[in-house]
Amino acid sequence: MNKPTTQTRSQGGPPTRARRAAGKRSPAPARTPARLAAFGPAARLRRPRVLAVVALCAAALALPQVLPASDVPVLVTLLLSAIVVTGLSMLMGYAGQISLGHAAFYLIGAYTAALLATHGRPTWLGLAAAPLAAAVVAAVIGVPLLRLRGHQLAFATLAMQLILLNVVGQQEWTGGDIGLQGVPRLTVAGYEFSSATSYAYLTLAALALVVIVTRNVVASRPGRGLRALATSEVAAESAGVPVVAYKLAVFSLSAGFAGLAGGIYAFYTGYLAPGSFPVLLSFEFVVMAVIGGLGTVWGALAGAAVITLLLQELNELGTAEGMPGSAPAVLSYAVYGLLLVLVVLYLPRGLVPSATAWWERRRARRRSGGPHDDSPAAGAGAGRGADAGAAAGKGT
Amino acid sequence: MTSSTRDSAAPPGAPGAPAAAVVAVDDVVVRHGTATAVDRVTLTVAPGEAVALVGPNGAGKTSLVNTIMGLIRPAAGRVAVRGRAALVPEGRQMFPDLDVEDNLRLGAWPLRSRGAAARDTSRVYEVLPDLAGIRRRKAGTLSGGEQQMVAFGRALMADPDVLVIDELSLGLAPLITAALADHLRELNAVRGLALLLIEQNARLALELCTRAYVLESGRVRAEGPSARLAESAEVAAAYLGGPAEPPPAAGGAEGDGA
Amino acid sequence: MSEFVQYLVSGLAVGCSFALLASGLVTIHRVTRVVNFAQGMFAVVAGLTAGSLLSAGLPHGLAEAVAVLTAGAAGLLVGVAAVGRRGTSPQSALIVTLGIGFLAYAVEIVIWGEDPRSFPGLGGAVEIAGAHLQKQYFLVIGAAALAFAALGLFFTRTLLGKALGACASNPYAARAVGIDVTRMGLVAFTLGGVLGGVAGVLVTPLQSLSYNSDVLLITNGFAAAILGGLTRLGPALAGGLALGVAESMVAGYYEASYQSVVALALMLAVMVWRASQHTALQEEASL
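Fair warning: this is a prediction, and the values are worked out from it, not measured in the lab.

**Q** Even after reading the chapter, I still don't get helix H9 (residues 214–226) of chain C, so can you show me in this structure?
**A** One turn of the α-helix equals 3.6 residues, which is why residues spaced by three or four share an orientation. Taking 1.5 Å per residue as the helical rise, H9(C) with its 13 residues ought to reach 18 Å, and the 18 Å between its terminal C-alpha atoms agrees with that figure. For H9(C), the tally of buried residues reaches eleven of 13 residues, placing the bulk of the element in the interior. Among the residues making up H9(C), those that are buried are Asp214(C), Leu217(C), Ile218(C), Thr219(C), Asn220(C), Gly221(C), Phe222(C), Ala223(C), Ala224(C), Ala225(C) and Ile226(C). Elements in contact with the buried residues of H9(C): helix H8 (151–168) of chain A together with helix H1 (2–32), helix H2 (39–55), helix H4 (90–112), helix H10 (233–254) and helix H11 (259–277) of chain C.

**Q** How should the sheet that holds strand E7 (residues 194–199) of chain B be read in this particular structure?
**A** All names here are of chain B. Sheet architecture is open: six strands sit in the order E5-E6-E7-E3-E8-E9, paired in mixed fashion. Each of the sheet's edge strands pairs with one partner strand only, and the pair in question is strand E5 (85–88) and strand E9 (219–225). If you compare each strand with its neighbour and ignore which way they point, the axes differ by 15° on average. In the sheet, strand E6 (residues 162–166) pairs with E7 via five bridges, with the strands oriented parallel. Bridging across to E7, Val-162 finds its partner in Ala-194. This element, helix H4 (residues 144–156), spans E5 and E6 of the sheet and lies at about 170° to E5.

**Q** Quick question: what am I supposed to make of the sheet that holds strand E1 (residues 23–32) of chain B here?
**A** Residues and elements named next belong to chain B. Pairing within the open sheet is antiparallel, and its three strands lie in the order E2-E1-E4. Of all strands in the sheet, those with a lone pairing partner are strand E2 (35–45) and strand E4 (76–81), marking the two edges. Ignoring which end each strand starts from, the neighbouring axes of this sheet average 25° apart. As paired strands, E1 and E4 are joined by five bridges and run antiparallel to one another. In the strand pairing of E4, Ala-24 is matched with Ala-80. Across the face of the sheet, helix H1 (residues 61–68) comes into contact with E1, E2 and E4 while running at roughly 120° to E1.

**Q** Looking at this structure, I do not really get the confidence of the model for chain B. What am I missing?
**A** Any residue range with low pLDDT should be treated as having predicted coordinates unsuitable for detailed reading. Residues and elements named next belong to chain B. Predicted confidence across chain B gives a mean pLDDT of 82, with 83% of residues reaching 70 or more. For the stretch residues 242–258, pLDDT sits under 50, and the model shows 27 contacts to residues farther than four places along the chain or on other chains. Scored as a whole, the predicted complex attains pTM 0.80, and scored at its interfaces, ipTM 0.86.

**Q** Could you clarify how one ought to interpret the packing of helix H14 (residues 297–318) of chain A against helix H15 (residues 327–346) of chain A in this entry?
**A** Each pair of packed helices can be described by the angle between their axes along with the distance between the axes. All names here are of chain A. Orientation of H14 relative to H15, taken along the N-to-C sense of each, is 145°, at an axis distance of 8 Å. Relative to H15, the crossing made by H14 is right-handed. Contact residues: H14 offers Leu-310, Leu-311, Leu-314, Asn-315, Leu-317 and Gly-318, while H15 offers Ala-327, Pro-328, Leu-331, Ser-332 and Val-335. For the contact of H14 with H15, the class distribution of residues is eight nonpolar, three polar and no charged.

The rules behind these values
- Residues numbered from 1 in each chain as written.
- Chains lettered and ligands numbered in written order.
- Predicted model: local features only at pLDDT ≥ 70, side-chain atom pairs only at ≥ 80, totals over all residues.
- Helix = DSSP H or I, 4+ residues; strand = E, 2+ residues; numbered from the N terminus.
- Expected span 1.5 Å × (residues − 1).
- Buried ≥ 20, exposed ≤ 12 C-beta atoms within 10 Å, placed from the backbone.
- Contact = placed C-beta atoms within 7 Å.
- Pairing = 2+ DSSP bridges.
- Axes fitted to C-alpha atoms, helices over the stretch in contact; angles between N-to-C directions.
- pLDDT = per-residue confidence, 0-100.
- Left-handed = near helix turned anticlockwise from the far one by under 90°.
- Nonpolar A, V, L, I, M, F, W, Y, C, P; charged D, E, K, R; others polar.

See below:
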């Protein structure tokens, strides 16, 4: 019995959409949710998108060469963040889970790589083990933790990171609070990655790998089940989606991405301490994912880029002459806060999906010659579901 | 029990809204997303009048009610309420962990500036003496009929000029429905309280009210004195042919939808 | 024995501040379904404000009162951002409160700098069972007891308190009887700010606070609140006290650096245990 009262509330919608997505009976192209469009091949956008991808790849390959040497480290930071955020964005946008402790997996990857390398194992083995270790840890702790949802999972992941930081800071074999020093440079098949530029290319390659894996996961059959998951677990489950296994898989995968980034980070900086992975770093990843747009590769990249560059600019501004010592911190916190609040309230789906929707609406209008606003992929319906937080859960 | 301020939108004597009407709905459109729930409906309730709004499930009745109560904003058209409208919501909508007394007292929330006298629940116990015996029980533990009675009392606490009842009989036994209908009749006849009764059981609604509107797919299909509508072959075939008793299934759905 | 009493009382005092933070979380969550990540910030703001006012020469009592009101105002501001806009889901609101927390960092660093600060509370100590106990401990415990009693009476005895509860238990009915649910949400946030502020002014003399102390405060407050499912005050109080005592015992008998680990592990265990009692279906249905 569908009471009109229910229709006035947004909860009336998601199950239907979820079932449609899960059953995948009639995905009329015009109705494709924005998130799908952003990942998968949306026919209408294919040409500009291919051009954009080609241009972006070319730019990315040229950048480490073109940029002044002092800016390459910023690029490496940006790319490392993008790797983590791509996974986090998938976790939040698809599996509907908030993680406020993703820097923990970054830490695990980094320490795994560093510990193996400092104990005489080949560095390439360390790099390979980094994502594996993070993914395995996620799979193990995910079994109990993923019973939680919404704010509970957010706090649980945060707690997990705090515990990890505390423990790592007290163990002798992790170097305690002082950390690990003298991590050797990464050497693969006799080539030693030593310069910042070489790490920029390495990170770029890792990011490309992560993006390809993500796209394939999302376009696959399990990926479609995941989309159902984000709107309603109950609906997804009744549609035959193995909810628990999928959630665990996405959690592990996103942790693995973070671990991979951490592994590269370890070889890149050559020095690790618990202080390199503060809780704030986890929040920063969430900010990037939310601002860019949850559940989209492009959003993750845009979010990481916008925030990293902004922080860089603010840092320069803050350390300029005549500024008080606390200026960089003040500026970056203020901008984080403002951006996060404004984006969640006014562009709840994030920068990239909002821009895509705007672009599609414009095209649709031009084609039909009138304001026919019910066509765009990211129409009101999909928008509700992808609402920054709503994507992260079905309420409490 | 939204207060009376909304009638400022339509000054008394505005065209289409008779100055005397306590509820004047003028050409109202309500949309939920892209779906149109109410499509250009015009409806009035005069002071002291009992008006029924009948129609099948999904006809847009509750959307219309929510618009009249100011809970949702119409996409087009005007709603004017003179004085105060109080709602007996669909599914009764108790505050389950509060007792009956507190449920009633919260009904007087719009009158809280008037002081303690407005929260005096004894006037409700006078009209609905059955409630006095259960005043300390938690509303969540009451039977459907008792809850509906509390919902009535809670609405009366707002000292309304018009009582809007969204589904009187839904999920209630016929005997209890009849008792509640008697209370309504009395409130209307003796106290001059205007009624707007939304009801799936058209036979009951037409019997209780002097005038009725038939709503279907968001539009008014027929309107007029109850007696005439009851005789109309079309209405009779569509709405009175079914069982006089409401289907018993509805009980479980309430509460969570809201 | 004297050691045990020492740890017990100091644990209870710290636990009271957790419980107060938890009560703020519960108040806000009950009414709005929002988990307020900025709850720890209220305590930080009040603690630092009180310190500044005291060093500016305001007498004890007045300085703390103004600081608590400041935290209440901060609560109102967070509420406006988190629930002031219709259609903001509780999950989005959580992220909004996270963002406000960042903004608060910026403001706090500008005003108070980055270093931890404290201020002297109730001076002196008493000797009980051989244990040397600061008087401040008893002040914290007494004030928290008073605050909880007042809060309990407010929710069960006043019409406003009942209206706040009504918004939580049945928002549609609340709106139907003319209660402005958004405004009630703002009332709840303001109240949450005040409660966080009380925790802040009480705890600052015991442990110095800096702008980023809020993360540990909020996690401890959340850990306490989750015991009552974020909706009940009694279990939140019990949870806060248990947490405080557990941390104090671990720090006293075992290793100070592990005290927060114990609290966090306890919280995880409780959450997972609670989750195993509920299914997704129940949670989605109870929306």
